[in-house]
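# Overview (structure and organization)
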Amino acid sequence: MKKHLFLLFISFTLISCNQGTENTTPNSTDVESKKIYKWTMVTTWAKNFPGLGMAAENLSQYVNEMSNGRLQIKVYGQGELVPSFGVFDAVSQGNVELGHGASYYWTGKLKSSQFFTAVPFGLTAQEMNGWLHYGGGLELWEEAYAPFNLIPLAGGNTGVQMAGWFKKEINSLEDMRGLKMRIPGLAGEIFTRAGAEAVQLPGNEIFLSLQQGVIDAAEWVGPYNDLTFGLHQVAKYYYYPGWHEPGSTLEIIVNKEAFASLPADLQAIVRYAARAVNQEMLDEYTARNNQALRELVDKHNVELRKLPDDVLIKLRTISAEVLQEFIEGDEMAEKIYASYNKFKKEVTAYHEISEKAFIETRDLE
Ligand code: CA
């Protein structure tokens, strides 16, 4: 009884102390805790685009809930405020506080940004998260983005993508010759060196280009997004695996001054909300890709095929050459690739006896 009374006394004392502070001269913490921040976020995706486009919406929702409305983020889709490829500059210049997209869109400004989205025959989603958060990857990303006034955070992952949609079967390296395929960036360069012809096209032009025969093949994301685009209506063969995008990481970019202007608790909320958003997207893709794949195969009679081994081996050999040429002479890219490769080598050895070995046991007969 005495103990209870004592605790009651303590809590009254604490409450009255707090009230005392509020009623007299408010200190800076009180002012900060009442201030409402209204931020703007631009993205490289269409508003509410399934999967990719939901990361910004989720970040806005989580931050709003966790901060009790003290940090409000209004999200704009591609073209609403700035075009897709204007996101980096808009956040860098402080015109808006936040952005969501894929770092490899910015390789024209910063070569090393390639390594924070996807590397052909590189890290999977699980491995990317390991490298970024426990293998020094995020620190390198921060260093690379610092001259642009940006703080990067991982902002989602698609998991292993698909190799893509093909109008005809690929049975050997020979079938790749002259094949026109929508496949962007470094992967496109690799594909072209393998005898095919890479075509650069935005996502929303894939369907029509395949339908009209402008291209013979196209990669987009995976079953969940590809089904939404209706790509099964214009190409019959669906090839795997996505050698070029084994665990594509998306990014959240924050303007450095805007971030610095937040009180510490809101800064922490932004960081933890981003971490949640990052995992959230992978969870969604993991669940929805299966459903979509079943629908594509069972309902739409899509022909599922694995790329032949000789094609994959050739693409892997060329990838190593292209990556080496790509980084040469760029100090930051060289440093990041070294860290990435070291992590990949080590984690591959471990995944041989863990993830890979385990998944294979499911098929043992
Ligand atoms: Ca893709």
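Nothing here was measured: the structure is a model prediction, and the numbers come from that model.

### Examining the overall build of the protein chain
Counting secondary structure elements, the protein chain contains 14 helices and eleven strands. Residue burial in the protein chain is summarised as follows: out of 365 residues, 49% are buried. Within the protein chain, contacts between residues at least 6 apart in sequence are counted, and of these 77% link residues at least 24 apart. Here the protein chain has roughly 18000 Å² of accessible surface; of this, 54% comes from carbon and sulfur atoms. Treating the 33 positive side-chain charges of the protein chain as one cloud and the 45 negative ones as another, the clouds have centres 3 Å apart.

### Quick look at the sheet that holds strand E2 (residues 71-76)
One open sheet accounts for five strands, arranged E2-E1-E3-E10-E4; its pairing is mixed. Across the chains shown, the open sheet's two edge strands, defined by having one partner strand only, are E2 and strand E4 (150-157). Pairs of neighbouring strands in the sheet enclose a mean axial angle of 25°, with direction left out of account. Pairing analysis gives three bridges linking strand E1 (residues 37-43) to strand E3 (residues 98-101), with the strands arranged parallel.

### With respect to the side chain of Asp226
Mapped onto the elements, Asp226 comes out in helix H9 (residues 223-229). No salt bridge is formed by the buried Asp226; its nearest oppositely charged neighbour, Arg182, is found at 8.3 Å. Polar contacts involving the side chain of Asp226 include one to the main-chain amide nitrogen of Val221, which spans 3.0 Å. Aside from chain neighbours lying at most four places away, what touches Asp226 is Trp165, Trp220, Val221, Leu231 and Tyr238.

Conventions used here
Residues numbered from 1 in each chain as written. Predicted model: local features only at pLDDT ≥ 70, side-chain atom pairs only at ≥ 80, totals over all residues. Heavy atoms only, no water. Helix = DSSP H or I, 4+ residues; strand = E, 2+ residues; numbered from the N terminus. Buried < 20%, exposed > 50% of the residue type's maximum accessible area, 1.4 Å probe, protein only. Contact = heavy atoms within 4.5 Å. Areas by Shrake-Rupley, 256 points an atom, 1.4 Å probe, with all protein chains shown as cover. Lys, Arg positive; Asp, Glu negative; His and termini not counted. Charge placed at Lys NZ, Arg CZ, Asp CG, Glu CD. Pairing = 2+ DSSP bridges. Axes fitted to C-alpha atoms, helices over the stretch in contact; angles between N-to-C directions. Salt bridge = Lys/Arg side-chain N within 4 Å of Asp/Glu carboxyl O. Polar contact = N/O pair within 3.5 Å; in protein donor to acceptor, adjacent residues only side chain to side chain.

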